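# Understanding the architecture of this molecule
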Amino acid sequence: MRVFVYGTLRKNQYNYNTYYKDKSQFISYGYIKGTLYSLKDAIYPAFIEEGNTLVLGEIYELEATTSSRADTMEGYISKGNINNEYNKTILPIYDIGGKVIDRLPVYTFNISNPIHKQRLKDIIPSGDYIDYLNKKN
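Residues numbered from 1 in each chain as written. Predicted model: local features only at pLDDT ≥ 70, side-chain atom pairs only at ≥ 80, totals over all residues. Heavy atoms only, no water.

### Points about the side chain of Arg10
Cut-off, in case you're wondering: Each helix is a run of DSSP H or I of at least 4 residues and each strand a run of E of at least 2, with the numbering of both proceeding from the N terminus. Type-normalised accessible area, obtained with a 1.4 Å probe on protein chains alone, sets the label of each residue: buried when under 20%, exposed when over 50%, and partly exposed for intermediate values. Throughout this description, a polar contact denotes any pair of N or O atoms lying within 3.5 Å of each other; where both atoms belong to protein, one of them has to be capable of donating a hydrogen while the other can accept it, and for residues adjacent in sequence the pair is counted only when both atoms sit in side chains.
The residue Arg10 is located in the loop between β1 (2–5) and α1 (14–20) in this model. Since its relative accessible area comes to 5%, Arg10 is described here as buried. A distance of 3.0 Å separates the side chain of Arg10 from the side chain of Asp128, its partner in a polar contact.

Written out as structure tokens, the structure reads:
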């Protein structure tokens, strides 16, 4: 199965090394539309579907067992569960020109849960989590 990732599951990030390295195949870069945030209490980002910023990410081909392990790490319990930290949402994936190239599962931050919504900190205006980390350090 294919997935789109934009944060710590991107290549050479710490969760990539734990969950995807040697267990996935990189397909291509792409973008989703929404808003990328830093969190007050975590060192990973939160994507929400509100907004129109192009958020850079990577498309990977995974085996089902790898996807299941990533679901657990992302705090995804089940579809529509209010206690999910992240929901798994099928979103259009765009190329740099704005053309839809695929529709894939994306971990979207669960702001339906008021506790999670309060955790949002700063917007990452570039839409690129790795760029944000490099400028922060």
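### A few points about the environment of Gly7
Following the sequence through the fold, Gly7 ends up in the loop between β1 and α1. The exposure class assigned to Gly7 is buried, which follows from its relative accessible area of 6%. Sequence-wise, Gly7 and Phe47 are 40 residues apart; in three dimensions their C-alpha atoms are separated by 8.9 Å.

### Some points on the UniProt feature "domain: Gamma-glutamylcyclotransferase AIG2-like" (unreviewed entry) in the chain
Selection rule: UniProt positions are given in the numbering used here, feature names are shortened, and annotations may be inferred rather than shown by experiment.
Here the UniProt-annotated "domain: Gamma-glutamylcyclotransferase AIG2-like" (unreviewed entry) positions come out as residues 3–129. Helix makes up 17% of residues 3–129 and strand 46%, with an end-to-end C-alpha separation of 17 Å.

### Some words on the nonpolar core
Soluble globular proteins tend to bury their nonpolar side chains together. Note the threshold: Throughout, nonpolar core names a set of buried Ala, Val, Leu, Ile, Met, Phe, Trp, Tyr and Cys residues whose side chains join them through atoms within 4.5 Å. Residue contacts are counted whenever heavy atoms from the two residues lie within 4.5 Å of one another.
Formed by 32 residues in total, the largest nonpolar core has its most connected members in Phe4, Tyr6, Tyr20 and Ile32. Of all the secondary structure elements, the ones that give two or more residues to this core are β1, α1, β2 (24–39), β3 (46–62), β4 (86–94), β5 (100–109) and α4 (129–136). A per-element tally of this core places β3 first, with 7 residues. Once residues lying within four places of it in the same chain are set aside, the contact partners of Ile32 are Phe4, Tyr6, Phe47, Thr53, Leu54, Val55, Leu91, Pro92, Ile93, Tyr94 and Val106.

### Focus: α4
At 3.6 residues per turn, the α-helix brings residues three or four places apart onto the same side. Going by this rule: Throughout, the arc means that of the directions going from the helix axis to the C-beta atoms.
Listing the buried residues of α4 in full gives Tyr129, Ile130 and Leu133. Buried residues of α4 fall within an arc of 100° about the axis and therefore sit on the same side. Exposed residues lying more than 90 degrees from the buried face of α4 are Asn134 and Lys135. Put simply, Asp128 is the residue that caps the front of α4, since its side-chain oxygen is 3.0 Å from the backbone nitrogen of Ile130.

### So, helix α2 (residues 64–73)
If you check which residues of α2 are buried, you get Thr66, Ser67, Ala70 and Asp71. Viewed along the axis of α2, the buried residues span an arc of 145°, placing them on a single side of the element. Of the residues in α2, the exposed ones pointing more than 90 degrees away from the buried face are Thr65 and Thr72. Summarising the contacts, the buried residues of α2 are in contact with α1, β3, β4 and β5.

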